[in-house]
Each structure stands twice: as C-alpha cells, then as structure tokens.
Amino acid sequence: MKTLRLILGDQLNPNHSWFDDKDKNIIYVMMEIRPETDYAKHHLQKLLGVFGAMREFSNYLKNEKHTILYIHLNDPENEHDFSRNLQKIVEKENIDKFEYQEPDEYRVDEILKKASKNSGVPVEMVSSEHFLTKREFIRDFFGRKNYLMESFYREMRKKHNILMKSGKPVGGKWNYDFKNRKKYDGKVPLPQPIEMENDLSEVYEDLNKSGVAWFGAAKADSFAWPLTKKQALEYLEYFVKNLLPHFGTYQDALTGKSETLFHSRLSFALNTKLLHPMEVVNRAIEEWHRRKDEISLEQIEGFVRQIIGWREYVRGIYWAKMPEYERMNYFHHQRKLPDFYWTGETKMNCMKQAIGQSLKSAYAHHIQRLMITGNFALLAQVHPDEVDNWYLGIYIDAFQWVEITNTRGMSQFADGGIMATKPYVSSANYINKMSDHCAGCFYNPKKRIGEKACPFNSLYWNFHMKHEDKLRKNPRIGMVYRNLDKMSIEEKVSIQTQANKYLENLDNL
Ligand code: FAD
Ligand code: SF4
C-alpha cells in the first residue's frame, strides 16, 4: 500500500508523528506553486523565507532517509495547482492513499478538499500537531457568548497548568498587563537583533526567472530569518537569554532607535511550525525559574499570554467566523490605502518609521502594527480589504488565520467587536506618550487644526463624530464622547474641515 503525504509550506515541523517511522511506501511531496506566490503581493523576504525553509525541510527529510518529491517553482512538470500536481503523482506512483495535515488557512482548506475529491484515492486529513486547541475550540467554548480573550486565556493556563500553583495563578493575578506599558527611556541598552546568514541566492534566481511579483528589500545571500529547526532554536535561546528580562516592560513602547526593542521575532518560526508553541513557552518558563532575580513575573506572564492566549485565540476566532469574516466591514469604509504604505514616503514620522522598517525588514512589532499603521488606516477610513491585503503581503509572519483576525478584527474593528471591545484608535497624544517619533516630525502633535497639525488628531475626532451612532453607547469610549460634548459647534466644524482636507489629500501627508 503506497501513501502520498502532502507537506505545506507552513508545516515544517520535524517532530510531527508522520516522521517517526521511515517507510519506503510513504512518499512525501512539497510544492512551490504560483497560486501560493500570487494570492497576495508579498514582500520578497516572505517569498524567500517560506521557499528557503521548505527547501531546507526537504533536505532534512532526505537526510533522514524519507522519500520526498520536491516540485520547484520552475520545474517543467509543475502544473502550479495542488490538485493537478497531486493527480499526476497518484497516477505515476500508483498511490493507494492520500494524506495531508489540516491547513491553517481557509483558502487552502477549500482547495485541498476539492483536490481530495479529484485524487481518485481514499483521503485522510490528520492534525498538524501544532496548536494547543482544536479548530472548533473557541466556537464551542464561548457558544453564543462574547469571545473574551481573557476568559479563554485563563482556561488555557488552567488546562495546561502553566504558571499555576495549587489551582491559582502564580503571584495571585492572571494578568500583569498594567505593569507592561512603559515608554522606552534608554535606561536598558537595546540589544542587537539576532540574525542568520542564509544564502538564498538560488531561491531568488528562481523567483526572478518565474516572474513572481514582489515588493520590499532583501539580502538574498545573507538572509536573516531562521530557516531550520536548529536556527529557530537559536532565535529562541537568544530571546530567553537577552530579551525576556525586559519583554513585558517595553512591550508597548515605540522608538526610532530600534526595530525590535525586546520582541522575540519568533512569529515566522512559530507560524511555519519550526517551533512548537509549548516548546517556546516551556523554554521561557525554564529561564524564568533559573533567573527569577532578573526576570520578573510580569515579563514571563506577558510573553506566555501572547503565545497560549492571543495566538490560539485568534486562530479559534478565524475558524469560528470564516469565510464571512473576510467580508466584514462594520464601518463601511471605502477608501484606498494611501500610496505611502508601499513606499514609506510620508512626512508623518511615526508612519515613515513603521512603514520604512516593514519594507526593509518584513517585520514590525505589535504596537507598530496596531497603534501606528493600523490606527492610521482606520482613522483614514480605508477599506478593510485594502488593509488586509497590505498586512498579508508585507510581514514575513503573515498567514491569513493570524493576519486577518488581527487586522480586520483587532486593528480595524471591521468585525463590529468580535475581537476587540473598542476600536484601537488614538490621537497623537498616545503616540507622543509612548514613542520618540513626534520630536523629529514635520507635524505638531499638540495641534488639532491649522498648519502642520498632526493628522492623527483631527482624524481621530472626526472618526468618532462620523461613527457616533455605532460607538457612543460603548462604555469603554464614554470619555471620548464626554469630551466631544464639551466642544463648541465651531470647534467640531473646524476639526471636520481639517480632517476632510487631510482625507482628500491622503497621498500627500
Ligand atoms: P512578540 O512580541 O515577541 O510576541 C511573541 C509571540 O506571541 C509572537 O511571535 C506571536 O506568535 C505571538 N503573538 C503576539 N501577539 C499576537 C497576536 N495579536 N496574535 C497572534 N499571535 C500573537 N502575527 C502574526 O504572526 N502574523 C500576522 O500576519 C500578524 N498580523 C498582524 C496584523 C496586525 C494589524 C496586528 C495588530 C498584529 C498582527 N500580528 C500578526 C500579531 C503580532 O503583531 C505579531 O505576532 C508580532 O508582532 C510578531 O512579532 P514577534 O514574534 O517579535 O512577537
Ligand atoms: Fe506621528 Fe503626529 Fe507624532 Fe508626527 S506628530 S510622529 S504624525 S503622531
């Protein structure tokens, strides 16, 4: 009996039980196909990273004496279609059974369901053995109630006995977020980010030859992101040793002095499954146990919450709400994304820094994504499709299950509040408080109207005036409306006039 097993580009887990036995009658297949390069316009580093890691994984399996068929981008036999490639192999190799691991993306899930029907052999979908929860967990856990992340997170802590003592959270509190909101003040030296030096010149040539469109910069012959399990573990070690002691404290900080601050940059290795979430959490907790004098509880709790809380939570929301999720547009926003999202050429210093670094490194940390680029897109009333498309392309860690929930849900509130209890918007006040960007900016963070008034200010108040019918009743933003109520009609009209001037000239800001 001959079995064909498909490994997708984000299923690079060498510890999957599939690989426990070596069997000549099992053929593994991996394929580089154009629909996967073209479903969004991607950053060059994302294309290089995924194909580079796939090729490394295929080499690893070969070395481990597994049988692997690797279909390269420019192979003449490549049909650039999961179904047709699979059918060809089934016929050529006399395959009796086809197996695949559950895909994380709805799009791929649908494609593989169809491919399975067309394969002409029995098919089995198995677990990817990566996540701590099943696809349906969030839907079943919450039923019709609100999808509150905090309740889910506490359940995960209890279920997996993480940072728990005698059934209670270690330290007495579940969440130390209130301690983790410090501006970067320069007191702790900023470490240099860890970087690999992978040579991906061949992948780069293949991408060029095949005419795949991309954007952004990359050093193909010295590629920084981890492509193998060994390299991913080096990233993890670097994080726990050097960054974890300050991870929580500066989690929300923004600075022009560093692209990464104390963030882990583990998302690519996690999302391609080179690392398992539990492996990451356990290693971090082990380091915390060893160095409790240097690593306080709020650092480790903050980190654990991102991995077993947010990451699993957004995946659950995705599977509970797709495919309708990708059509949600609660505010009916229709604008195009300003051109500077693709060039970084804007006078707004905070935006210039966040976009410029994203184009350069295919990375921005959470607060840059949420409170700078996402914040601006929402205030500028950009269509969520445009925003999603940008986030899906630009970040090396962007796979739809985690991208769309964060973008359309958390950042754009296009789901009307499934993910977030209020829209994450702010005026320049917050950005000035949390960053050093405003000091060197063309715009004045203190001004709402007039020349050089920071666009975030008038757009912020205009957003709340425009969507008053949808937002006024939200208890979490009562203060905003109390402040608006104190403004004179003339003041409100001037703000709206200023905002409209900016909205009509977004590309020139
Ligand atoms: P760290 O700050 O070091 O956090 C550690 C890990 O926790 C991350 O590697 C990640 O796996 C996990 N994590 C933290 N926050 C989240 C979150 N909100 N959702 C899911 N996992 C989380 N993350 C992606 O992995 N892919 C995306 O495409 C993506 N798009 C985003 C779009 C927007 C608009 C926003 C606001 C957030 C997005 N995120 C996305 C979540 C988060 O910003 C990134 O996971 C994080 O910045 C990755 O950098 P890091 O590894 O240094 O994270
Ligand atoms: Fe950003 Fe406004 Fe500050 Fe400039 S003044 S950096 S545009 S918040």
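In case you missed it, the structure is sitting above this.
Residues numbered from 1 in each chain as written. Chains lettered and ligands numbered in written order. Predicted model: local features only at pLDDT ≥ 70, side-chain atom pairs only at ≥ 80, totals over all residues. Heavy atoms only, no water.

Caption draft 1: Broad picture of helix 16 (residues 400–411). The terminal C-alpha atoms of helix 16 lie 14 Å apart, and with twelve residues this falls more than 12% below the ideal 16 Å at 1.5 Å per residue. With eleven of its twelve residues buried, helix 16 lies for the most part within the structure. Contacts made by the buried residues of helix 16 are with helix 4 (106–119), helix 9 (267–271), helix 11 (297–321), helix 14 (366–379) and helix 15 (384–394). Following helix 16 by one or two positions, F413 adopts a phi angle in the positive range, close to 55 degrees. (Helix = DSSP H or I, 4+ residues; strand = E, 2+ residues; numbered from the N terminus. Expected span 1.5 Å × (residues − 1). Buried < 20%, exposed > 50% of the residue type's maximum accessible area, 1.4 Å probe, protein only. Contact = heavy atoms within 4.5 Å.)

Caption draft 2: Layout of the packing of aromatic side chains. Per the stated rule, a full pass over the model turns up 40 aromatic pairs. With 5.8 Å between their ring centres and 70 degrees between their planes, F19 and F57 make a pair best called edge-to-face. Of this pair, F19 sits in the loop between strand 1 (3–6) and strand 2 (26–31) while F57 sits in helix 2 (residues 44–63), placing them 38 residues apart in sequence. You'll find F19 and F57 in the same group, each marked buried. One aromatic cluster is present, formed by F137, F141, F142, Y147, F152, W310 and Y313 through successive ring pairs. Lying across the ring of Y395, R369 places its NZ or CZ 4.0 Å from the centre. One cation-aromatic arrangement involves K422 over Y424; the distance from NZ or CZ to the ring centre is 5.9 Å. (Phe/Tyr/Trp six-rings, centres within 6.5 Å; stacked < 30°, edge-to-face > 60°. Lys NZ or Arg CZ within 6 Å of the ring centre and 35° of its normal.)

Caption draft 3: Inspection of the nonpolar core at higher detail. Of all hydrophobic cores here, the largest spans 155 residues; its most connected members are M351 and F376. In terms of residue count, helix 11 provides more of this core than any other element does, twelve residues in total. Excluding its chain neighbours within four sequence positions, the residues that come into contact with M351 are F340, Y341, T346, G356, I372, T373, F376 and F456. Judged by nonpolar contacts, the second largest core, of 19 residues, contains L4, I71, V90 and I95. (Core = buried A, V, L, I, M, F, W, Y, C linked by side-chain atoms within 4.5 Å.)

Caption draft 4: The site of ligand 2, seen in detail. Around ligand 2, the surrounding shell consists of M348, N349, C350, A428, I431, H437, C438, C441, Y443, P445, C454 and F456. Counting only elements with at least two residues in the shell around ligand 2, the list comes to helix 13 (349–361) and helix 17 (428–434). (Near = heavy atom within 4 Å.)

Caption draft 5: Representation of the site of ligand 1 in the model. Neighbouring residues of ligand 1: 29 residues in total, closest H263, S264, R265, N271 and Y363. Take Y363: an N or O atom from its side chain is 2.7 Å from an oxygen atom of ligand 1. Separating a nitrogen atom of ligand 1 from a side-chain N or O atom of N406 is a distance of 2.9 Å. Taken by itself ligand 1 offers 810 Å² of open surface, and the protein chains cover 99% of this. Looking at the shell around ligand 1, the elements that each hand over two or more residues are helix 9, helix 11, helix 14 and helix 16. Of the residues assigned to the shell around ligand 1, the class counts are 14 nonpolar, ten polar and five charged. (Polar contact = N/O pair within 3.5 Å; in protein donor to acceptor, adjacent residues only side chain to side chain. Areas by Shrake-Rupley, 256 points an atom, 1.4 Å probe, with all protein chains shown as cover. Nonpolar A, V, L, I, M, F, W, Y, C, P; charged D, E, K, R; others polar.)

Caption draft 6: Layout of the pairing of strand 1. Side chains T3 and R5 of strand 1 all project onto a buried face; the interleaved residues L4 and L6 project onto the opposite face, where all are buried too. Here four bridges tie strand 1 to strand 5 (residues 97–101), and the two strands are oriented parallel to one another. Each residue of the ladder has a partner; that of R5, found in strand 5, is E99. (Pairing = 2+ DSSP bridges.)

Caption draft 7: The arrangement of a negative patch on the surface in detail. A grouping of D20, D21, D23 and E129 is seen on the molecular surface, where their side chains present a negatively charged patch. Assignment of secondary structure puts D20 in the loop between strand 1 and strand 2. (Patch = residues over 30% accessible without salt bridge, like charges linked within 9 Å, V, L, I, M, F, W, Y side chains within 5 Å. Salt bridge = Lys/Arg side-chain N within 4 Å of Asp/Glu carboxyl O. Lys, Arg positive; Asp, Glu negative; His and termini not counted. Charge placed at Lys NZ, Arg CZ, Asp CG, Glu CD.)

Caption draft 8: Here's a closer look at the sheet that holds strand 4 (residues 67–71). Strand order in the open sheet formed by five strands is 4-2-1-5-6, and the pairing between neighbours is parallel. The open sheet has two edge strands, strand 4 and strand 6 (123–126), and neither has a second partner. Averaged over all neighbouring strand pairs, the angle between strand axes comes to 25 degrees, with direction disregarded. Bridge count for strand 5 against strand 6 is four bridges, and the pairing is parallel. For Q101, the partnering residue across the bridge sits in strand 6 and is V126. Most of the contacts of helix 2 go to strand 4, to which it runs at about 155 degrees, and overall it touches strand 2 and strand 4. (Axes fitted to C-alpha atoms, helices over the stretch in contact; angles between N-to-C directions.)

Caption draft 9: Just the pattern of salt bridges, in detail. One pass over the full model with this rule turns up 46 salt bridges. Note that D38 and R34 form a salt bridge whose closest N and O atoms lie 3.1 Å from each other. With D38 and R34 both in helix 1 (residues 34–38), this residue pair falls four residues apart, about one helical turn. Judged by relative accessible area, which is 21%, R34 ranks as partly exposed.

Caption draft 10: Representation of the environment of E32 within the structure. Structurally, E32 is set in the loop between strand 2 and helix 1. The class of E32 is buried, set by a relative accessible area of 0%. Once residues within four sequence positions are removed from consideration, E32 is found in contact with F51, M54, R55, Y70, I71, H72, L73, N78 and H80. Within the structure, E32 has its side chain in polar contact with the backbone nitrogen of L73 (distance 2.9 Å).

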